[in-house]
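An overview of the molecular structure
What follows is the residue order along each chain.
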Amino acid sequence: MDRTPVFLEINRKNFPQYVDHIKNTLQRSSVVSFAVHSTVCPDSAKWRVGESLQEHYLRLAKFSLNHSIFGLGISCLEYHPADEDPTKSSSMAVRNFNLTLGTAAASEMSPQDGRRMRQMGYDLNYVTREAVYYYRGKEDVVPNHLEESKMLRDIFIALHGNGSHPVVVKNGFLNILMAYTALSGLPGDGADEYLQRLFYLFPGKIIDLGVSVKESSRTISDAQFAQFAFHLEGLVFPLEGLDSLDVFSFVDAGSVDAKASGPNLHFPAVLDSFRNLREFSRRLGGDLSKTSLATALASYGNRLLSVAAPQLAQLQLLPGSKFRPTKKRKIEFDFTIPLTASNDAGISSSSDPLKPV
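In this report, we go over the structure that sits alongside the text.

1. Let's talk about the layout of surface pockets
Computed from the structure, the second largest pocket encloses a volume of approximately 290 Å³. Around the second largest pocket sit 19 residues that line it, and Ser 30, Ser 164, His 165, Lys 290 and Leu 293 are the ones nearest its centre. Contributions of two or more residues to the lining of the second largest pocket are made by helix 1 (15–28) and helix 10 (290–300). Broken down by element, the lining of the second largest pocket gets its largest block of residues, 4 residues, from helix 10. The class makeup of the residues in the lining of the second largest pocket is 8 nonpolar, 8 polar and 3 charged.

Put into structure tokens, the structure is as follows:
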């Protein structure tokens, strides 16, 4: 066990070694958070003035088909409540996974994308050489030689298909759409039907931290949470079964050269997923019990938000709908949106670095 926040770097070489470990961790988790780094520019993904939900969905769906994911961060929190013994306290185990990804199909990549990726700390040679490849589309059309793509889909199923844990995102409309297109099925032509599919795809419900909610009286301050996140009794970052060469720790700014060759130790996608997990824990005042989670889900669960959106996207079964999928294959799309050339590509940068343990 370790009390230093760490993450496991996943690439093409070690991916088969850790697939079962990631799936088992997801299945045991009380809360899961994920974040996506892609070639879609955050500014271009903002909700445009006068845009309807349907128009916004179709525009972002095109992005999900044209652009690629190169970073997927997954953070898992396993909560063990205190028993009736007053001398014992609750405990939490956090496991962070950073997957370097690439698409096996064509996608848009401009010179500006490359510069922004380097600003974020991504080594393009490393991404090209070591990425775990995914293949867009339905599961039955994935080429047989892309076994790693099928294993990625199994991980995504373990992430979304477990009804016992909520999935935390932030302004997650685009992130979930990108992940769905890459790891589950192709987007369809209707926003309402897509949201209904997500309703069934995530039985544990989605928590979008971008949704404005009144924080409870149990919420603790940022200063208190800094101590809670890194020094709380019982909070650990397990290292059992991990190769020490694949493990890295979150550290103070300025200690890592963003231009260093190899995995992204400057601002990996897992840093975003870990931040989301910490923010969600802060909102609940550190109480991740089933009762506390149920209250949060009832208050603002199954609502998705885009940046600058004037409205929320609600995940629900619409009145009168006959949409009742019972198997995963029934909730995948056959429809492909016509693609058009676009210059909306890129990523934002950050100064948060990491270093090897």
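2. With respect to the pattern of salt bridges
Side-chain pairs of opposite charge can arise where the charged atoms are in close proximity. Per the counting criterion, the structure on display carries 11 salt bridges. Between Glu 130 and Lys 13 there is a salt bridge, and its shortest N-O distance comes to 3.5 Å. Of this pair, Glu 130 sits in helix 4 (residues 124–130) while Lys 13 sits in the loop between strand 1 (6–10) and helix 1, placing them 117 residues apart in sequence. Assessed through its relative accessible area of 7%, Glu 130 is described here as buried. A relative accessible area of 68% means that Lys 13 is categorised as exposed. Arg 59 is the partner of Glu 51 in a salt bridge, and the nearest nitrogen-oxygen pair spans 2.8 Å. Exposure remark for Arg 59: the relative accessible area of 12% places this residue in the buried category. Among the charged side chains, a network of salt bridges with common partners joins Lys 13, Arg 129 and Glu 130.

3. Considerations on the packing of aromatic side chains
For the coordinates displayed, the defined rule picks out 6 aromatic pairs. Pairing Phe 199 with Tyr 200 gives two aromatic rings, centres 5.3 Å apart and planes at 85°, and the pair type is edge-to-face. Judged by relative accessible area, Phe 199 falls into the partly exposed class, the value being 30%. Judged by its relative accessible area of 28%, Tyr 200 falls in the partly exposed class. Here a set of aromatic residues connected by ring pairs shows up, and it is made of Tyr 57, Tyr 180 and Tyr 194.

4. So, the side chain of Asp 246
Along the polypeptide, Asp 246 turns up in the loop between strand 8 (235–236) and strand 9 (247–250). In this structure Asp 246 is buried but unpaired, with Lys 13 as the nearest side chain of opposite charge at 9.7 Å. Side chain to side chain, Asp 246 and Asn 14 meet in a polar contact 3.4 Å long. Among the polar contacts listed, one links the side chain of Asp 246 to the side chain of Tyr 18, at a separation of 2.9 Å. Once residues within four sequence positions are removed from consideration, Asp 246 is found in contact with Phe 7, Leu 8, Glu 9, Asn 14 and Tyr 18.

The rules we used
- Residues numbered from 1 in each chain as written.
- Predicted model: local features only at pLDDT ≥ 70, side-chain atom pairs only at ≥ 80, totals over all residues.
- Heavy atoms only, no water.
- 1 Å grid on protein atoms, 1.4 Å probe; cavity = no way out; pocket = protein on both sides within 12 Å on 5 of 7 lines; lining within 4 Å.
- Points joined across faces, edges and corners; volume = space filled by probe spheres on them.
- Helix = DSSP H or I, 4+ residues; strand = E, 2+ residues; numbered from the N terminus.
- Nonpolar A, V, L, I, M, F, W, Y, C, P; charged D, E, K, R; others polar.
- Salt bridge = Lys/Arg side-chain N within 4 Å of Asp/Glu carboxyl O.
- Buried < 20%, exposed > 50% of the residue type's maximum accessible area, 1.4 Å probe, protein only.
- Phe/Tyr/Trp six-rings, centres within 6.5 Å; stacked < 30°, edge-to-face > 60°.
- Lys, Arg positive; Asp, Glu negative; His and termini not counted.
- Polar contact = N/O pair within 3.5 Å; in protein donor to acceptor, adjacent residues only side chain to side chain.
- Contact = heavy atoms within 4.5 Å.

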